Amino acid sequence: MMNKARYAFLSLMAFLVLAASAVGVRAEPAKSTKPAKPSQSVKPPFGGTIFVNRNIITNEDPSAFKCVVPAGRAEVGMFDRRPKQPHKVNAYLFTATFTDGQTMEIRVNPEFGAEGALAQAKIYLPYIGQMPYTVRRDIKRVLIHKGKKGFGGGGAGILIHTDMGESYMKSGILTETLIHEASHTSLDHRHSGAKGWLEAQEKDGAFISGYSKSHPRREDVAETYLMYFAVRYKPDRIDQKLKDTIIKTVPNRIKYFDSLNLNMYPVAGPKAPGSAIAAVQTEALRKELKLNAEQTAKFKTLGQELDEEIKKLKKQKADTRAIKTQFDKKALALLTAAQIKSLETTKSTPPPPRAKQEPKKK
Ligand SMILES: [Zn+2]
């Protein structure tokens, strides 16, 4: 029991640290105190790399997600970016398994209800499974809340706010964003302060994005890794100009990542058994989304048809009313004429004398 309590406390602390770092409270300056070289004043080619290209990973890419099963409920710490949210909630818990043997705990805010919580886990897990093992490996927990707030990564987890997630899905950059956040979780603590990385930063003398330039220790690995991933593993998804820009801006950081021989499953490398199932699940989800879109379109058309019908009926009603008014007017005129005529007849011809009746004798 003590161990459990200690674990809970440690995970809470880990998440508080993650929270602070994710919102920028713990933004650390680069260790180097040397003045920036003139080349470091070079304007970065991008603002933030998650927005650079929506096709780096698409729904067609395989996923290592295998299955998810309910694991009950528990009072757990769940960092939430929305204001005035409790630190601990009675979350719905799930265990997710991946085809390379990795497992994760999924903590879903009770605000979704039991079925909704499972549905949310099923929405996000295929995307999480699309990330290469090298950025997925240290994710022990995934936190899912409602709200349109920024995602987060670091500590031992990633943070998802579903209204923001939907907007990323619509823009086609959900997995790209997850790769950025998961880089905080799995790459930062290994590389952001490593000698080789700091040397590569210095040699490149430039940053890939304004965001990484503003936070060279906190964001540079995550910002650069996604672009490295695009150049090395999805070169057919991006155009030559983008490739050239990335290679020209951070050649030494690319060399650094190349030297690590990272495990890229399921993006590249040997396929683990079961990856076909995951691909099928991704495909099923894609179909479901397509079906939803089709149904929405159908309802929209039906709505438009109904609107037309209502318009027609309203016009018919107005026409009928006009005809009735005309008819009433005519009828009134005729009636008036008939009454006048009848009055005139009454005036000119005296009423016929009443037939005399013999009084009845008693
Ligand atoms: Zn970041």
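About the criteria used
- Residues numbered from 1 in each chain as written.
- Predicted model: local features only at pLDDT ≥ 70, side-chain atom pairs only at ≥ 80, totals over all residues.
- Buried ≥ 20, exposed ≤ 12 C-beta atoms within 10 Å, placed from the backbone.
- Helix = DSSP H or I, 4+ residues; strand = E, 2+ residues; numbered from the N terminus.
- Pairing = 2+ DSSP bridges.
- Axes fitted to C-alpha atoms, helices over the stretch in contact; angles between N-to-C directions.
- Contact = placed C-beta atoms within 7 Å.
- Arc of directions from axis to C-beta.
- Expected span 1.5 Å × (residues − 1).

**Quick look at the pairing of strand 6 (residues 157-161)**
Two faces, one strand: in a regular strand the side chains alternate between the faces of the sheet.
Link 1 in the chain: Burial analysis of strand 6 places 5 of its 5 residues in the buried class, which makes it a mostly covered element.
Link 2 in the chain: Both strand 4 (residues 141-145) and strand 6 contribute to a ladder of 5 bridges, which runs parallel. Pairing of valine 142 across the sheet is with isoleucine 158, part of strand 6.
Link 3 in the chain: Pairing of strand 5 (residues 152-154) with strand 6 involves 3 bridges; the strand directions are antiparallel. Residue pairing for strand 6: glycine 153 is matched across the bridge by isoleucine 158.
Link 4 in the chain: Connecting strand 5 to the antiparallel partner strand 6 that follows it, the hairpin turn spans 2 residues, and glycine 155 within it adopts a positive phi of roughly 60 degrees.

**Details of the sheet that holds strand 3 (residues 103-108)**
Link 1 in the chain: Read across the open sheet, the 6 strands follow the order 1-2-3-4-6-5; overall the sheet is mixed. The open sheet has two edge strands, strand 1 (65-77) and strand 5, and neither has a second partner. Within the sheet, the average angular offset between the axes of one strand and its neighbour, ignoring direction, is 20 degrees.
Link 2 in the chain: In this fold helix 2 (residues 113-129) packs onto strand 1, strand 2 (88-98), strand 3, strand 4 and strand 6, with an angle of close to 130 degrees to the strand it touches most, strand 1.
Link 3 in the chain: Of the strands in this sheet, strand 4 and strand 6 touch helix 4 (residues 162-171), which is tilted by about 85 degrees from strand 6.

**A few points about helix 7 (residues 195-204)**
Link 1 in the chain: Of the residues making up helix 7, those classed as buried are Trp197, Ala200, Gln201 and Asp204. Burial along helix 7 is one-sided: seen end-on, the buried residues are contained in an arc of 105 degrees. Pointing more than 90 degrees away from the buried face of helix 7 are the exposed residues Lys195 and Glu199.
Link 2 in the chain: Elements that come into contact with the buried residues of helix 7 comprise helix 6 (188-191), helix 9 (220-233), helix 10 (240-249) and helix 11 (251-259).
Link 3 in the chain: In the stretch just after helix 7, glycine 205 is the one whose phi turns positive, near 65 degrees.

**A closer look at unusual backbone geometry**
Link 1 in the chain: Following tyrosine 265, the chain continues to proline 266 via a peptide bond in cis, the omega torsion being 5 degrees.
Link 2 in the chain: By the secondary structure assignment, proline 266 is in the loop between helix 11 and helix 12 (275-348).
Link 3 in the chain: Residue lysine 84 is not a glycine yet carries a positive backbone phi of 60 degrees.
Link 4 in the chain: Along the chain, lysine 84 turns up in the loop between strand 1 and strand 2.
Link 5 in the chain: Assessed through the 5 C-beta atoms surrounding it within 10 Å, lysine 84 is described here as exposed.
Link 6 in the chain: With a phi angle near 50 degrees, asparagine 261 is a residue other than glycine that sits in the positive phi range.
Link 7 in the chain: By the secondary structure assignment, asparagine 261 is in the loop between helix 11 and helix 12.

**A word on helix 2**
Link 1 in the chain: With 17 residues, helix 2 should reach 24 Å at 1.5 Å per residue; the first-to-last C-alpha distance of 24 Å fits that figure.
Link 2 in the chain: Among all positions in helix 2, only Ala117, Gln120, Ala121, Tyr124, Leu125, Pro126, Tyr127, Ile128 and Gly129 are buried.

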